[in-house]
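# Examination of the molecular architecture
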Amino acid sequence: MDAAKDDVNQAIAGELQLMDPRVRASRERAAQLLDPEFVEVGGSGRRWTYESMLAELADHPGSSAEGPRYEPSEISGVLLAPGLVHLTFETMLGEHRTRHSSIWRKRDNAAGWRMYYHQATRVPPGVN
């Protein structure tokens, strides 16, 4: 496997971990996957930072083993530059479909790949 494909696959693995309710419910585990400079623009339009996301992630939908889980599809990625991967995908959470774009960054080998930026856009019913 070439290095670019390996980097994309590692970012995809991190993305999938962040959809796991056990990771979402654990501040410590989620902190290992979010970059300290993390920023998100959520589907609601709210801007999240590293600290605000870690403080509230356990209470978000998809964070409980008993509740609905994120079901990802069409996940793909591209290496933008060494240590920088862009992913795009869709998720279903219950009846809600969302399109996502995330940037994963690897600053050093010790920290590994971490989500640097995330954008979510809700897809209204009936939209392809």
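Residues numbered from 1 in each chain as written. Predicted model: local features only at pLDDT ≥ 70, side-chain atom pairs only at ≥ 80, totals over all residues. Heavy atoms only, no water.

## Quick word on the environment of serine 64
The test is simple: Starting at the N terminus, helices and strands are each numbered in turn, a helix being any DSSP run of H or I of at least four residues and a strand any DSSP run of E of at least two. Any pair of N or O atoms that falls within 3.5 Å is considered a polar contact. Within protein, one atom must be able to donate a hydrogen and the other to accept it, and sequence-neighbouring residues count only if both atoms are side-chain atoms.
Looking at the element boundaries, serine 64 is found in the loop between α4 (50-56) and β3 (71-81). A sequence separation of 44 residues divides serine 64 from aspartate 20, and the C-alpha atoms of the two residues are 9.0 Å apart. A distance of 3.0 Å separates polar atoms of two side chains, one belonging to serine 64 and the other to glutamate 66.

## Looking at the nonpolar core
Rules: By nonpolar core we mean a set of buried residues, namely Ala, Val, Leu, Ile, Met, Phe, Trp, Tyr and Cys, connected to one another through side-chain atoms within 4.5 Å. Burial here depends on accessible area, computed with a 1.4 Å probe over protein chains only, as a share of the maximum for the residue type. Under 20% is buried, over 50% is exposed, and the range in between is partly exposed. In this description, contact between two residues means that some pair of their heavy atoms is separated by no more than 4.5 Å.
Ranked by size, the top nonpolar core spans 20 residues in total, and within it Leu18, Leu34, Val85, Leu87 and Trp104 carry the most contacts. Residue assignment for this core shows that the elements contributing at least two residues are α1 (3-18), α3 (27-31), β1 (34-41), α4, β4 (84-93) and β6 (113-123). Among the elements that take part in this core, α1 stands out by supplying 4 residues, more than any other. Contact partners of leucine 18, with chain neighbours within four places excluded, come to Val23, Arg24, Ala30, Leu33, Leu34, Trp104 and Met115.

## Remarks on the pairing of β6
To keep things clear, this is the line we draw: One bridge is not enough; two strands pair if DSSP finds at least two bridges between them.
Judged from the 4 bridges that link them, β1 and β6 form a sheet pairing that is parallel. The residue bridging glutamate 40 from the neighbouring strand is histidine 118, located in β6. Of the pairings in the sheet, the one linking strand β5 (residues 96-106) to β6 comprises 10 bridges and is antiparallel in character. Bridge pairing links arginine 105 to arginine 114 in β6. With antiparallel pairing between neighbouring strands as the criterion, β5 and β6 make up a hairpin whose turn holds 6 residues, including glycine 112 at a positive phi of roughly 75°.

## A few points about the sheet that holds β1
Inclusion rule: Angles here are taken between N-to-C directions and fall from 0 to 180 degrees, while the axes themselves are lines fitted to C-alpha atoms, restricted in helices to the stretch in contact.
Spatial ordering of the open sheet is given by β2-β1-β6-β5-β4-β3, a layout of 6 strands whose pairing is mixed. Edge strands, defined here as strands with exactly one partner in the open sheet, are β2 (47-49) and β3. Shown here is a sheet whose adjacent strand axes are inclined to one another by a mean of 15°, direction ignored. Pairing of β3 with β4, which is carried by 8 bridges, proceeds in the antiparallel orientation.

## Re the environment of methionine 115
Locating methionine 115 in the fold gives a position in strand β6. Here methionine 115 falls in the buried class, since its relative accessible area comes to 3%. A sequence separation of 90 residues divides methionine 115 from alanine 25, and the C-alpha atoms of the two residues are 17 Å apart. Residues in contact with methionine 115, not counting those within four places in the same chain, are Glu15, Leu18, Leu33, Leu34, Asp35, Phe38, Ser102, Ile103 and Trp104.

## Quick notes on unusual backbone geometry
Residues apart from glycine generally show negative phi values, whereas peptide bonds are mostly found in trans. Positive phi is not limited to glycine here, since glutamate 74 has a value of about 55°. For glutamate 74, the location among the structural elements is in strand β3.

## A short note on the packing of aromatic side chains
Aromatic ring pairs are reported here in terms of the distance separating the ring centres and the angle at which the planes meet. Cut-off, in case you're wondering: Here a pair means two rings of Phe, Tyr or Trp (six-membered ring of Trp) with centres within 6.5 Å. Their orientation is stacked below 30 degrees between planes, edge-to-face above 60, and tilted elsewhere. The criterion for a charge sitting over a ring is simple: Lys NZ or Arg CZ within 6 Å of the ring centre, and within 35 degrees of the ring normal.
Taken as a whole, this structure holds 0 aromatic pairs when the rule is applied. Note that arginine 46 overlies the ring of tryptophan 48, its terminal NZ or CZ placed 3.6 Å from the centroid.

## Concerning the layout of surface pockets
To keep things clear, this is the line we draw: A pocket here means an open set of points on a 1 Å grid, computed over the protein atoms alone, that has protein on both sides within 12 Å along at least five of seven lines. A cavity is instead a set of points where a 1.4 Å probe fits but cannot get out; residues with an atom within 4 Å of a point line either one. Grid points are joined across faces, edges and corners, and a volume is the space filled by probe spheres set on the points. When residues are grouped by polarity, Ala, Val, Leu, Ile, Met, Phe, Trp, Tyr, Cys and Pro land in nonpolar, Asp, Glu, Lys and Arg in charged, and all others, Gly among them, in polar.
Taken as a whole, the largest pocket holds about 770 Å³ of empty space. Tyr70, Leu93, Thr98, His100 and Ala120 are the residues nearest the centre of the largest pocket, which is lined by 33 residues in total. Those elements that place two or more of their residues in the lining of the largest pocket are α1, β1, β4, β5 and β6. Element by element, the count of residues in the lining of the largest pocket is highest for β6, at 5 residues. Considered class by class, the residues forming the lining of the largest pocket number 17 nonpolar, 10 polar and 6 charged.

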